[in-house]
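A closer look at the structure
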Amino acid sequence: MNEKNLKVLVLGSGGREHTLAKICAQSPLVQEVLVAPGNGGMNQEFRSLSVSVEDNEKIVQAARDEAIDLVVVGPEVPLCNGVVDELNKVGVLAYGPDAQSARLEGSKAFTKDFLARHNIPTAEYRNFTEVEPAIEYLQTCSLPVVVKASGLAAGKGVIICQSKEEAEKEVRDMLCGNSFGTSGSEVVIEEFLEGEEASLHLICSGEEYVALPMSQDHKKVGEGDTGPNTGGMGAYAPTSLVSSVMLKEYEETIVQPTLSGLKSEGMNFRGTLYVGLMLTKSGPKVLEFNVRFGDPETQVILPLVEQDLVPVLMASAKGESLPKKLEIKKEYAMVVVLASKGYPSSYPKGEKIIVPSTLPSSSILIHAGTTSTPDGEVVSAGGRVLGAVGTGGSLDDAKSAAYKLCDAVSFPSKYYRKDIGYREFERQ
Ligand code: AMP
Ligand code: GLY
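Residues numbered from 1 in each chain as written. Chains lettered and ligands numbered in written order. Predicted model: local features only at pLDDT ≥ 70, side-chain atom pairs only at ≥ 80, totals over all residues. Heavy atoms only, no water.

Attention shifts here to the packing of aromatic side chains. This structure, assessed with the given rule, holds 5 aromatic pairs. Pairing Y95 with F293 gives two aromatic rings, centres 6.2 Å apart and planes at 20 degrees, and the pair type is stacked. Within this pair, whereas Y95 is found in strand β5 (residues 94–95), its partner F293 is found in the loop between β17 (283–290) and α11 (297–301), the two being separated by 198 residues in sequence. For the pair Y95 and F293, one class covers both residues: buried. (Phe/Tyr/Trp six-rings, centres within 6.5 Å; stacked < 30°, edge-to-face > 60°. Helix = DSSP H or I, 4+ residues; strand = E, 2+ residues; numbered from the N terminus. Buried < 20%, exposed > 50% of the residue type's maximum accessible area, 1.4 Å probe, protein only.)

What follows is the structure in structure tokens.
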């Protein structure tokens, strides 16, 4: 294969994929980045293919027709659908795990049992497929108790229940297929953990891995972490919540046992392992694994990488050796998500987005829920519309660059949290 003049196809249409496409386009090895299907911003910057991320056959066809050298898979759904397996079958290199390893995200029940088998710290739990034993177990749990749909639920399948009645109702709704369809046909009932959350991203090749800077997301829609959960309203990196000594310890107690556990069970993990951690009083515990980059964490961790990431993604996709460490800039990054007011419930779409011709320095505008109209206007098309990214020598500088960009961009129902990074500022 060509190791220069590469054609890279980024699959997906969110802020994470816009960031991945920009990062790949910066590589001197890359001749062209294509996106499928992309969004209003990606499609102005890159050639886009109108292919759904859920249509494996069309993705394989498009990758062959375009002689793609590397497919970078953004979201979890195609990974769980085995798109990497299908691409590899016809000799197309793809970054991301195969369907078997993607179960770490696709089945929370599988993951909990996996963690237990390998003595990796996580919340106490039981898995259930039948209502009666689940309700019986609930009687033994303390409150609050966490009820999770085992399958993919676009980040909505976790319910923190304050009463046994609420938990019983959630369990029944899930197991009877009323709330999450087949994703709720198995449930995890889990101990509620208290602490701060942090996101650890690793690029893996079997048992080898390189860590990206630790970041912190803001999942709640409202300031001070109030209101309903969202896909993430903003993030920053690096976070001082986890020192390099702590990170080394997490690698030993969580990352290495996970990758060697997968290997011992016949899985050779390639791609991104995202470890969602709860830092509790009794130590770090795994809340979840994702098998792709986080959104919006990608928007802050990738701009901090000094070196060309494309060779690292290629090595992971091939199962080859990775560099021991990534060169990371001595900088900070913050992303503030510009959402449509009303998100995560109902919100308007189709609103015209006005972006000034010159952006404030040290800022990057990332598109997420946007689309272009036939007459070339970019309009809102989702709850999380844009990501305003700022970088700088301190978190304060990164924050002011990000918020200047928030003010510079407009659409009628623009809503954003004004307090991204507040926990980190409180620690300073
Ligand atoms: P998950 O998809 O499992 O990461 O859950 C989504 C969010 O729900 C997490 O980021 C946490 O904020 C929350 N959550 C999940 N599990 C627990 C738990 N056992 N205790 C407290 N919060 C949790
Ligand atoms: N920001 C959380 C996630 O990507 O799952």
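Next comes the rest of the description.
Attention now goes to the site of ligand 2. Around ligand 2 sit D217, K219, G231, Y274, N290, R292, G294, D295, P296 and E297, and those are all the residues in its vicinity. In this structure, G231 approaches ligand 2 through a main-chain N or O atom, which is 3.4 Å from a nitrogen atom. Residue D295 places a main-chain N or O atom 2.9 Å away from a nitrogen atom belonging to ligand 2. For ligand 2, whose free accessible area comes to 200 Å², the fraction covered by protein is 89%. Taken together, the residues of the shell around ligand 2 break down into 2 nonpolar, 3 polar and 5 charged. (Near = heavy atom within 4 Å. Polar contact = N/O pair within 3.5 Å; in protein donor to acceptor, adjacent residues only side chain to side chain. Areas by Shrake-Rupley, 256 points an atom, 1.4 Å probe, with all protein chains shown as cover. Nonpolar A, V, L, I, M, F, W, Y, C, P; charged D, E, K, R; others polar.)

In terms of burial, strand β9 (residues 187–191) is largely enclosed, as 4 of its 5 residues are buried. Bridge analysis of strand β6 (residues 125–128) against β9 gives 4 bridges, and the strand direction is antiparallel. Within β9, the position partnered with R126 by the bridge is I189. (Pairing = 2+ DSSP bridges.)

Every one of the 14 residues lining ligand 1 counts as a neighbour, but E190, E191, L193, E197 and E288 are closest to it. In the environment of ligand 1, an oxygen atom lies 3.1 Å from a nitrogen or oxygen atom belonging to the side chain of K108. Take L193: an N or O atom from its main chain is 2.8 Å from a nitrogen atom of ligand 1. Look at ligand 1: alone it shows 470 Å² of surface, and the protein chains cover 93% of it. Going through the elements one at a time, β7 (145–149), β8 (158–161), β9 and β17 are the ones with two or more residues in the shell around ligand 1. Taken together, the residues of the shell around ligand 1 break down into 7 nonpolar, no polar and 7 charged.

Within the fold, D295 resides in the loop between β17 and α11. Salt bridges are absent for the buried D295, whose nearest opposite-charge side chain, R384, sits at 4.1 Å. A polar contact is formed between the side chain of D295 and the backbone nitrogen of R16, at a distance of 3.2 Å. Within the structure, the side chain of D295 is placed 3.0 Å from the side chain of Q299, a separation counted as a polar contact. Excluding its chain neighbours within four sequence positions, the residues that come into contact with D295 are G14, G15, R16, G231 and R384. (Lys, Arg positive; Asp, Glu negative; His and termini not counted. Salt bridge = Lys/Arg side-chain N within 4 Å of Asp/Glu carboxyl O. Contact = heavy atoms within 4.5 Å.)

As a further point, take the sheet that holds strand β4 (residues 70–73). With respect to topology, 5 strands assemble into an open sheet ordered β3-β2-β1-β4-β5, the strand pairing being parallel. Each edge of the sheet is formed by a strand with only one pairing partner; in this case those strands are β3 (47–48) and β5. Sheet topology places strand β1 (residues 6–12) next to strand β2 (residues 30–37); 7 bridges connect them, and they run parallel. When the bridges of β2 are listed, V10 appears paired with V35. Lying over the sheet, helix α1 (residues 15–25) contacts β1, β2 and β4, oriented at roughly 170 degrees with respect to β1. (Axes fitted to C-alpha atoms, helices over the stretch in contact; angles between N-to-C directions.)

Attention now moves to the nonpolar core. Judged by nonpolar contacts, the single largest core of 48 residues is most densely connected at V71, L87, L104, L273 and V275. When residues in this core are grouped by element, the largest group, 6 residues, is from helix α10 (residues 244–264). Contacts of V71, omitting those with residues within four sequence positions, involve L9, L11, A63, L87, V92, L93, A94 and Y95. (Core = buried A, V, L, I, M, F, W, Y, C linked by side-chain atoms within 4.5 Å.)

Here we take up the environment of E249. Considering the arrangement of structural elements, one finds E249 in helix α10. Put simply, E249 and G266 are 17 residues apart on the chain and 25 Å apart in space, counted from C-alpha to C-alpha.

Looking now at helix α12 (residues 310–318). Most of α12 is tucked away: 7 of the 9 residues are buried. Once α12 finishes, G319 follows within two positions and takes phi at roughly 75 degrees, a positive value.

It is at 10 Å that the axes of helix α8 (residues 131–138) and helix α9 (residues 164–175) come closest, and there the two elements cross at 160 degrees. Here α8 is positioned roughly antiparallel relative to α9, judged by the angle of their axes. The chirality of how α8 crosses α9 is right-handed. In contact with V131, E132, A134, I135 and L138 of α8, α9 contributes K164, A167, E168, V171, R172 and L175. For the contact of α8 with α9, a count of residues per class yields 7 nonpolar, no polar and 4 charged. (Parallel < 35°, antiparallel > 145°, perpendicular 65-115°, else oblique. Left-handed = near helix turned anticlockwise from the far one by under 90°.)

Looking now at the pairing of β4. Side chains of β4 alternate between two faces, with L70 and V72 and V71 and V73 buried alike. Bridge count for β1 against β4 is 4 bridges, and the pairing is parallel. Directly across from L9, in β4, lies its bridge partner V71. Two strands pair when backbone bridges link them, and β4 and β5 are joined in this way by 2 bridges, in the parallel orientation. Bridged to V72 within β5 is Y95.

The 4 strands are arranged β6-β9-β7-β8 in an open sheet whose pairing can be described as antiparallel. Sheet topology places β6 and β8 at the edges, where each strand pairs with a single neighbour. Geometrically, the sheet is characterised by an average inter-axis angle of 20 degrees between neighbouring strands, direction not taken into account.

Moving on, we get to the environment of I189. Position of I189 among the secondary structure elements: in strand β9. Judged by its relative accessible area of 0%, I189 is buried. A C-alpha to C-alpha distance of 49 Å links I189 and Q31, two positions 158 residues apart in sequence. Excluding residues within four positions of it along the chain, I189 makes contact with E124, Y125, R126, F128, A134, Y137, L138, C141, V145, V146 and V171.

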